[in-house]
Amino acid sequence: MSEIDPKIDALVPAWMYLPDISEQWGVLVTEVRSMVKAGTLLAVRRGENRSLQVPADFIDADGPVKHLVGTLTVLRDCGFSDEEILEWMFTEDPSLPGSPIQALRENRGTEVKRRAQALAL
């Protein structure tokens, strides 16, 4: 959870603060923090006050985007850092088409996880 590289920051169109996520999901902010700590949600420190923020595209109405948690696990198992995960998730992949996070949001998680697992090989 370090300061994010500006070029990776530029890939992510919008960010959410942890209290806003907890309010949207109707849970305590400590639950959202626990998810970040457990690695089931990815947050980085950014902005002037270096607050923890999560890419808005990772957030659905009532929890993380479907298949996000599994994809994060696969990428971490491949040795990806949080910044590398963000870069991979938000970079266009012509074979998908679109970015992996777009594919997850369109419920194409199997395709995304297959590509993520291929990175380990």
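Residues numbered from 1 in each chain as written. Predicted model: local features only at pLDDT ≥ 70, side-chain atom pairs only at ≥ 80, totals over all residues. Heavy atoms only, no water.

Re the UniProt feature "domain: DNA-binding protein Rv2175c wHTH" (unreviewed entry) in the chain
Under the present numbering, the feature "domain: DNA-binding protein Rv2175c wHTH" (unreviewed entry) in UniProt falls on residues 4–59. Between the C-alpha atoms that bound residues 4–59 there is a distance of 19 Å. The span itself is 43% helix and 21% strand. (UniProt positions renumbered as here; feature names shortened; annotations may be inferred. Helix = DSSP H or I, 4+ residues; strand = E, 2+ residues; numbered from the N terminus.)

Focus on the environment of V12
In this fold, V12 is placed in the loop between α1 (6–11) and β1 (15–17). The sequence separation of V12 and E87 amounts to 75 residues, and the corresponding C-alpha distance is 8.6 Å.

Describing helix α3 (residues 29–38)
Buried residues of α3: V32, M35 and V36, and no others. For α3, the angular spread of the buried residues around the axis is 100°, confining them to a single face. Exposed side chains of α3 directed beyond 90 degrees from the buried face belong to K37 and A38. Looking one or two residues beyond α3, the residue adopting positive phi is G39, at roughly 85°. (Buried < 20%, exposed > 50% of the residue type's maximum accessible area, 1.4 Å probe, protein only. Arc of directions from axis to C-beta.)

Regarding the sheet that holds β1
Through backbone hydrogen bonds, the strands of a sheet pair up, either in parallel or in antiparallel fashion. Spatial strand order, β1-β3-β2: three strands in an open sheet with antiparallel pairing. Of all strands in the sheet, those with a lone pairing partner are β1 and β2 (44–46), marking the two edges. Ignoring strand direction, the axes of neighbouring strands in this sheet form an average angle of 55°. Judged from the three bridges that link them, β1 and strand β3 (residues 51–55) form a sheet pairing that is antiparallel. Residue Y17 lies in a different strand from β3, and its bridge partner there is Q53. Here helix α2 (residues 18–25) sits on the sheet in contact with β1 and β3, set at roughly 80° to β1. (Pairing = 2+ DSSP bridges. Axes fitted to C-alpha atoms, helices over the stretch in contact; angles between N-to-C directions. Contact = heavy atoms within 4.5 Å.)

A look at the pattern of salt bridges
A full pass over the atoms with the stated rule returns eight salt bridges. A salt bridge links R105 to D60; its shortest N-O distance comes to 3.8 Å. Of this pair, R105 sits in helix α6 (residues 100–105) while D60 sits in strand β4 (residues 59–60), placing them 45 residues apart in sequence. On the accessibility criterion, R105 (40% relative accessible area) is partly exposed. Since its relative accessible area comes to 29%, D60 is described here as partly exposed. (Salt bridge = Lys/Arg side-chain N within 4 Å of Asp/Glu carboxyl O.)

A word on the environment of F58
Its location among the elements puts F58 in the loop between β3 and β4. Taking the C-alpha atoms as reference points, F58 and I85, separated by 27 residues in sequence, lie 12 Å from one another. Aside from chain neighbours lying at most four places away, what touches F58 is L42, G63, P64, V65, L68, L86, M89, F90, I101 and R105.

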